[in-house]
Amino acid sequence: MPEAPELEAIREFLEREVVRARVTRFETLRPSVIRPLAGDPGELVGRRVESVERVGKFLTMRFAGGRALVVNPMLTGSFQRRRPSSRVYKKTCFVMSLDDGQQIRYLDGRQMGRVYYVRSDRVGDVPQMESLGPDVLGEDTFEGFLERIRPFRGEIKGVLTRGRVISGIGNAYADEILFEAAVYPFRKRTALSREELGRVYEAARGVTREAVEQVRVRMGEDGRLGRRDFMRVHNRGGEPCPRCGSSITQIAANQRITSYCRRCQPGMLIGS
Ligand SMILES: [Zn+2]
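Note that the structure is predicted; figures quoted are calculated from it, not measured.

So what exactly am I meant to see when it comes to the sheet that holds strand 4 (residues 58-63) here?
Pairing in this open sheet of five strands is mixed, and the strands run 2-9-5-4-3 from one edge to the other. What marks the edges here is a single partner per strand, and that holds for strand 2 (34-36) and strand 3 (49-55). With direction set aside, neighbouring strand axes in the sheet form an average angle of 20 degrees. Where strand 4 meets strand 5 (residues 67-72), five bridges bridge the pair, whose relative direction is antiparallel. The residue of strand 5 that forms the bridge with Phe 63 is Arg 67. Packed on one face of the sheet, helix 1 (residues 4-18) meets strand 3 and strand 4 and runs near 175 degrees to strand 3.

Take a look at the structure:
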C-alpha cells in the first residue's frame, strides 16, 4: 500500500515525466474507478500538464484551463510510463497519451483507489481531502501537532494512520516511526508524555524523509516501485531488532500487521 514516501517518489517521477507535456488522448478503461466531477476526462485532450502535487496519500495533476485529476491509490493503485505499443494490463484504469510519445497508465488490481476529475479550484471538494491534517513532509510545528492530536485519545498507531493529525502515514510507516520513537504502538495517546509525543513528531518527519530517498533509488525507470527491504521492523516478525537484537514481535489486529520490539518499545497490551 503506497504511503507518503512512495507517493512522493511517484510525484517526483510524474513531475519529471509529464509536466509541460500535452495530452493527445485519454482513455478510461475502468469507469468504476473514475469520478467525473467536472465532465468527461476525455476533455483533457489538448491540455498541458502544469504541475503534480501531493498531500497525504492524494496525488493531484493540474492541467491548463483549470482542470485536475486527483488520484487516491488506496491499497493497490500504481502508475507506469509506457510506449503505446506495449501491452495494456487488465487492471489498467486509465491511459493518458502525451505528445512526447509516451503514455502514463494508472493500474489498480483491487480497484479500491479513486481518480477524481475536477475543476482545479475544487480540488478541496474531493472526499476525505478536506479533513486531512498537514502532510507529514509539509510545514508544521510541534505545538501545532500537539494541538491537533488533543481530541484523539486512542492508540497512538491508530491516531497516526487516520490522517487527521498528520497525513500520509499508513500501517507500514507507522510501525517504522514508532520504532524510531521507541513508543509502543498500542499505547493510548493520553498516556504519552509531551516528551514521547515529541519523539513521535520528529520520527514521523525523519523516517518519512529518509524513506523517500530509499524508495527513490529503488524505483524503476518506468515508475514502478521497488521492494520495501529497507524497513527496520515492519513485517520483520521473528528477525532480530536492529537496535537491541531481540526478536521482533508481530501481531495481526483488525487485519493489519503490527511489528515492534518488546524491549525497545515497552508497553502492556491492555490498559497501557
Ligand atoms: Zn529492540
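Further notes follow.
Teacher, can you tell me more about the domain arrangement of the chain here?
It is common to report an interface's size as the accessible area lost on association of the parts. Along its sequence, the chain is carved into domain 1 (4-125) and domain 2 (142-260). Contacts between the two partners involve 16 residues from domain 1 and, on the opposite side, 15 residues from domain 2. When residues of the side of domain 1 that touches domain 2 are traced back to their parent elements, those giving at least two are helix 1 and strand 6 (77-82). It is helix 1 that provides the largest number of residues to the side of domain 1 that touches domain 2, a total of eight residues. Residues belonging to the side of domain 1 that touches domain 2 are distributed by class as follows: seven nonpolar, three polar and six charged.

Honestly, the nonpolar core in this entry has me stumped. Any pointers?
The nonpolar side chains of a soluble globular protein tend to be buried, and buried together. With 62 residues, the main nonpolar core has Met 61, Val 115, Leu 160, Ile 169, Ile 177, Leu 178 and Ala 204 as its most contacted residues. When neighbours within four sequence positions are excluded, Val 115 is seen to be in contact with Val 33, Ile 34, Arg 35, Leu 69, Val 71, Cys 93, Phe 94 and Tyr 106.

Is there a simple way to explain the sheet that holds strand 1 (residues 23-28) in this structure?
In any sheet, the strands associate via hydrogen bonds between backbone groups, in a parallel or an antiparallel arrangement. Strands sit in the order 1-7-8-6 across an open sheet of four strands; the sheet is antiparallel. The sheet terminates laterally at strand 1 and strand 6, the two strands that pair on one side only. Taking each pair of neighbouring strands and ignoring which way they run, the sheet shows an average axis angle of 15 degrees. The pairing of strand 7 (residues 92-98) with strand 8 (residues 103-108) spans five bridges and is classified as antiparallel. Looking at strand 8, one finds that Thr 92 is bridged to Leu 107.

Here is what the cut-offs are and how they apply
- Residues numbered from 1 in each chain as written.
- Predicted model: local features only at pLDDT ≥ 70, side-chain atom pairs only at ≥ 80, totals over all residues.
- Pairing = 2+ DSSP bridges.
- Helix = DSSP H or I, 4+ residues; strand = E, 2+ residues; numbered from the N terminus.
- Axes fitted to C-alpha atoms, helices over the stretch in contact; angles between N-to-C directions.
- Contact = placed C-beta atoms within 7 Å.
- Domains from an automatic or database assignment.
- Nonpolar A, V, L, I, M, F, W, Y, C, P; charged D, E, K, R; others polar.
- Core = buried A, V, L, I, M, F, W, Y, C linked by C-beta atoms within 7 Å.
- Buried ≥ 20, exposed ≤ 12 C-beta atoms within 10 Å, placed from the backbone.

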